[in-house]
Amino acid sequence: MLNHIHQWTRPLKRFPLKSLTPLSSLTFTKPSASASAAADTNPADTYDPAASLEILKCLKSKDLYSSSLCLKTLVDRLNSVQVDEVIGDLGAEDPELAIELFYLLKNEHGFRHSRVCSFVVAHVLAGKRRLMELRSFLRELVEEEGSGSAPSLCELLGNRFRVWESNGLVWDMFAFVYSRSEMVHDALFVLAKMKDLNIRASILTYNSLLFNLRHTNIMLDVYEEIKASGTPQSEYTTSILVDGLCRQSLFQEAVAFHQETERKGSMPSVVSFNTLISRFCEVGYVDVAKSFFCMMFKYGLLPDAYSYNILIHGLCVAGSMEEALEFTDDMENHGVEPDVVTYNILAKGFHLLGMMCGAWEIIRHMLHKGLNPDIVIYTILMCGHCQTGDIEKVSELREEMLSQGFQLNDICYSVLLSSLCKKGRISEALSLLHEMESIGLKPDLVTYSILIHGLCKQGEVQHAIQLYNKMHSKRVFPNSFTHSAILWGLSEKGTLSEARTFFDALTKSGLIKDIVLYNIMIHRYAKHGKIGEAVQLYKQIFESRITPSIVTFNSLIYGFCKSRKLAEARTWLDAINTHGLVPTAVTYTTLMNALCEEGNIRGMLEVLSEMETRAIKPTSVTYTVVVKGLCKQHRLQESLHLLDSMHAKGISPDEFTYNTIIHCFCKAQDMRKAFQLHSEMLLHNVQPGPVTYNVLINGLCVNRDLKEADRYFSFLQDQNIRLTKPAYTTLIKAHCAKGDASKADALFRQMVEKGFEISIRDYSAMINRLSRRKLTTNVKVFLRMMLSDGISLDQEICLVILNAFRGVGDLNSEFELLAVTIKHGLFPD
């Protein structure tokens, strides 16, 4: 096994051992570091007996304060050899004073001790069994020396301190701290040297090393060495081995090792079972985890709170809340009280399923048990209500947390900020940022990114840029998400030139590391019809050594389709394959929609066929485009067959699909089929929206079934179905055309009462229709309503009304309005 240990040290060949030089000091029987300067000190340092005597004289009083004042005058004259001599002698005669002198020189006078001196103090601490202090001392030493320092330190330790009584303990702790500092190769080197010196490592050191190597196959070699050395194993040794095998996805080997331990007469421990349960839950094998849980009882082992918690957590993640609650009851039946962690896990489980009522029930049960919610459970509740958009409840929870004496942490503030930004309550979010800063919390990248994204979505891009600059000043450096928010905001709410300036600044600074920002700019250029700029930016991608994504090509295809360059769009579709990418449903649907708009239905269907041949599943949007194309050619029965095909393929038509085909049947004057499709929507749990109702009402009006349109409109109002302004204006237009001014007037007033914004265009449309029917009395009513709403006359509406008054011979009204028209400068030249 020694050979295996030496194999572990092979990566350290770049740290060759110094050649060993025989020194007379190695023959001293008294442990002393006085003659150790040759290999560990500067050759210029020489031993000065006078200085050493002065140091000892300073220390004789044992008054360290006086000694410090005395040493202060000597520090500039001291060298490593002198200090090694004094501390070495004190290490044998007065160990406590040796330690105190070491720290006094180091901490008070900034003296840099030699390695020899450090090992003297380490041995003194080991001799006095001050193990925690020894661990801390050696950790500081190895961290100062750094990775790869084990060969030289081992040489010094092996040559100078071999006869010290506490040498074995120092070696063991030395290996342990290398392992705990994650300098694994150094730890392995130390263990190999200990093997050569016949020094046995403790199981604590072996366990630490196993833990650090649990991701590697070297772990098993170390375990073989443990067995070969005869070092008694602890219950954690088996647990670490099982954990390591599971982490390496060697689950069968982990179970076999666990069973082998049992066959050899070693009693399995709760810790070992917990490890198996935890790892199998992590990878989703909850049933296997339950089997091991039940097996614990077979061995007479009682699961602890941790055993139950990890299994309950696994069940919650798997969505098996009912079973998780059953195990919670079982926990209590076996005398193990659920703790705050248990209730946190259950609340998180209900949150993951979006069942906040269940989470609150857990809180009530928790309070009944006399346990108070902690900040973790408050954060879970806040996250849950944030996701459901219940910002008021999130604010209530915040107030409750504060009243309970909890200080909100970064996560809580991030949840609150996210909720407020999603609701568009940016000013409140910014106030919350100031609150964070006022209580001493430093906003991090997540906090700033949430706010910047929220500001950009609200169109407050300049404010977002100010926050972006503040972020920089606080030395919180933005990431791609932050840059994307700013760039999106500038391109969406600002101008393309501003967005490009920001993009170019990021490019020059080397801050663009991926394709995301390029995609934003290319999409914006394509959307604005600037396909030349989009293609130029595409070429720049390769100059920057960034790989394009399918989103890049989708945007370019969209740009060429928008510019009606369908042949070029098709070329870009073919280019996708050359980059090892696969077209998506969006890619094909974009091209199909352009062909549909051009009236090339045959080409559209060919693209659909190609899409299906390549096993790219069409979406409801894809089929909506096809339905629209078929309806354009009045192929209504084919569109109905396509609807049935969608259901057969498990693709649910959405509201847009149904609206498209309903509109087509309305145009074809087949209102019976249009309403059948409306019923089918409800049957398939597709909720009709305002557009659906507008299409049906308009269809009835166009087909001159105004009474049925009025009945349907009233029915929808009785059902408290939300209607939009077009539903009202459609009926108003129809009643005006029929000459029913009173009904049109009533609908208009309803529209006003519902709070819809009424513009001069609405009044103009109404007055125009009434004027054409020569209903001048009603025209005067609407004119008064318009002026009372603070809407001023314009030239066009004045001419329409004047002509109406002239047409019915109402000269008084005509001249009265003419005077107003001339007064306001609206009379035509």
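What counts and what doesn't
- Residues numbered from 1 in each chain as written.
- Predicted model: local features only at pLDDT ≥ 70, side-chain atom pairs only at ≥ 80, totals over all residues.
- Heavy atoms only, no water.
- Helix = DSSP H or I, 4+ residues; strand = E, 2+ residues; numbered from the N terminus.
- Buried < 20%, exposed > 50% of the residue type's maximum accessible area, 1.4 Å probe, protein only.
- Contact = heavy atoms within 4.5 Å.
- Areas by Shrake-Rupley, 256 points an atom, 1.4 Å probe, with all protein chains shown as cover.
- Patch = residues over 30% accessible without salt bridge, like charges linked within 9 Å, V, L, I, M, F, W, Y side chains within 5 Å.
- Salt bridge = Lys/Arg side-chain N within 4 Å of Asp/Glu carboxyl O.
- Phe/Tyr/Trp six-rings, centres within 6.5 Å; stacked < 30°, edge-to-face > 60°.
- Axes fitted to C-alpha atoms, helices over the stretch in contact; angles between N-to-C directions.
- Parallel < 35°, antiparallel > 145°, perpendicular 65-115°, else oblique.
- Left-handed = near helix turned anticlockwise from the far one by under 90°.
- Expected span 1.5 Å × (residues − 1).
- Arc of directions from axis to C-beta.
- pLDDT = per-residue confidence, 0-100.
- Nonpolar A, V, L, I, M, F, W, Y, C, P; charged D, E, K, R; others polar.

Looking at the overall build of the protein
- Looking only at helices and strands, one finds 47 helices and zero strands in the protein.
- Taking all 829 residues of the protein together, the buried fraction comes to 49%.
- A fraction of 62% describes how many contacts in the protein between residues 6 or more apart in sequence connect residues 24 or more apart.
- Put simply, the protein shows about 41200 Å² of open surface, and 52% of that area lies on carbon and sulfur atoms.

A short note on a nonpolar patch on the surface
- On the surface, Val283, Tyr285 and Val288 cluster together to form a nonpolar patch covering roughly 250 Å² of accessible area.
- Take Val288: it is sitting in helix α17 (residues 286–298).

Comments concerning the packing of aromatic side chains
- Taken as a whole and judged by the stated rule, the model has 22 aromatic pairs.
- For the ring pair Phe251 and Phe280, a centre distance of 5.2 Å and an interplane angle of 45 degrees mean the geometry is tilted. Of this pair, Phe251 sits in helix α15 (residues 251–263) while Phe280 sits in helix α16 (residues 270–282), and the two are 29 residues apart along the sequence. Here the two residues Phe251 and Phe280 agree in accessibility, since each one is buried.

So, the pattern of salt bridges
- Taken as a whole and assessed by the stated rule, the structure comprises 29 salt bridges.
- Among the salt bridges present, the one from Arg398 reaches Glu399, with a minimum N-O distance of 3.0 Å.
- Judged by its relative accessible area of 44%, Glu399 is partly exposed.

Here's the deal with the packing of helix α28 (residues 480–493) against helix α29 (residues 496–508)
- The interhelical angle for the contact between α28 and α29, taken along N-to-C directions, is 155 degrees, at an axis separation of 7 Å. Here α28 lies roughly antiparallel to α29, going by the angle between them. The element α28 and its partner α29 pack so that their crossing is left-handed. Every residue of α29 that contacts α28 at His483, Ile486, Leu487, Leu490 and Ser491 is listed here: Glu498, Ala499, Phe502, Phe503 and Leu506.

Quick word on helix α41 (residues 706–718)
- For α41, with 13 residues, the first-to-last C-alpha span of 18 Å sits near the 18 Å given by 1.5 Å per residue.
- Within the span of α41, buried status applies to Leu706, Ala709, Asp710, Tyr712, Phe713 and Leu716. When α41 is viewed along its axis, its buried side chains cluster within an angular range of 165 degrees and face the same direction. Exposed side chains of α41 directed beyond 90 degrees from the buried face belong to Lys707 and Asp718.
- As for α41, its buried residues are in contact with α39 (671–683), α40 (690–702), α42 (725–738) and α43 (741–753).
- Trailing α41 by a residue or two, Asn720 shows a phi angle of about 55 degrees, which is positive.

Focus: the confidence of the model for the protein
- In the predicted model, the protein carries a mean pLDDT of 80, and the fraction of residues at 70 or more is 87%.
- This model gives residues 1–48 a pLDDT under 50, and the stretch forms 81 contacts once residues within four places in sequence are excluded.

Overview of the side chain of Thr237
- Position of Thr237 relative to the elements: it lies in helix α14 (residues 235–247).
- For Thr237, a relative accessible area of 0% translates into the label buried.
- Ignoring anything within four residues of it in the chain, the contact list for Thr237 reads Ile203, Asn207, Leu210, Tyr223 and Ile226.

Here's the deal with α39
- In this model α39 runs 18 Å from its N-terminal to its C-terminal C-alpha over 13 residues, within 8% of the 18 Å that 1.5 Å per residue would give.
- Packing partners of the buried residues in α39 comprise α37 (636–648), α38 (655–667), α40 and α41.
- Positioned one or two residues after α39, Asn685 has a phi angle of 60 degrees, which is positive.

Some details on the environment of Ala175
- By secondary structure assignment, the location of Ala175 is in helix α10 (residues 167–180).
- By relative accessible area, Ala175 is classed as buried at 1%.
- Each C-alpha atom, one on Ala175 and one on Asp186, is 7.8 Å from the other, the two residues being 11 residues apart in sequence.
- If we skip the residues at most four places from it in the chain, Ala175 touches Ala187, Val190, Leu191, Met194 and Thr205.

Looking at unusual backbone geometry
- Phi at Arg475 takes a positive value of approximately 60 degrees, unusual for a residue other than glycine.
- For Arg475, the position within the fold is in the loop between α27 (461–473) and α28.
- Its identity as a non-glycine residue notwithstanding, Arg545 has a phi of 60 degrees, on the positive side.
- Tracing the backbone through its elements, the reader meets Arg545 in the loop between α31 (531–543) and α32 (550–562).

Some points on the packing of helix α6 (residues 95–109) against helix α8 (residues 131–145)
- Running from N to C, α6 and α8 cross one another at 40 degrees; their axes reach a closest spacing of 14 Å. For the element pair α6 / α8, the angle class is oblique. In terms of crossing hand, the pair formed by α6 and α8 is left-handed. Facing Ile99, Phe102, Tyr103 and Lys106 of α6, the residues of α8 in contact are Glu133, Phe137, Glu140 and Glu144.
- Classifying every residue of the contact of α6 with α8 gives four nonpolar, no polar and four charged.

As for the environment of Asn217
- Its location among the elements puts Asn217 in the loop between α12 (203–212) and α13 (218–229).
- Counting along the chain gives 27 residues from Asn217 to Gly244, while the straight-line C-alpha distance between them is 8.9 Å.

Describing the side chain of Ser484
- Assignment of secondary structure puts Ser484 in helix α28.
- Relative accessible area serves as the criterion here: at 12%, Ser484 is assigned to the buried category.
- In this structure, Ser484 is in contact with Val516, Leu517 and Ile520, ignoring residues within four places of it in sequence.

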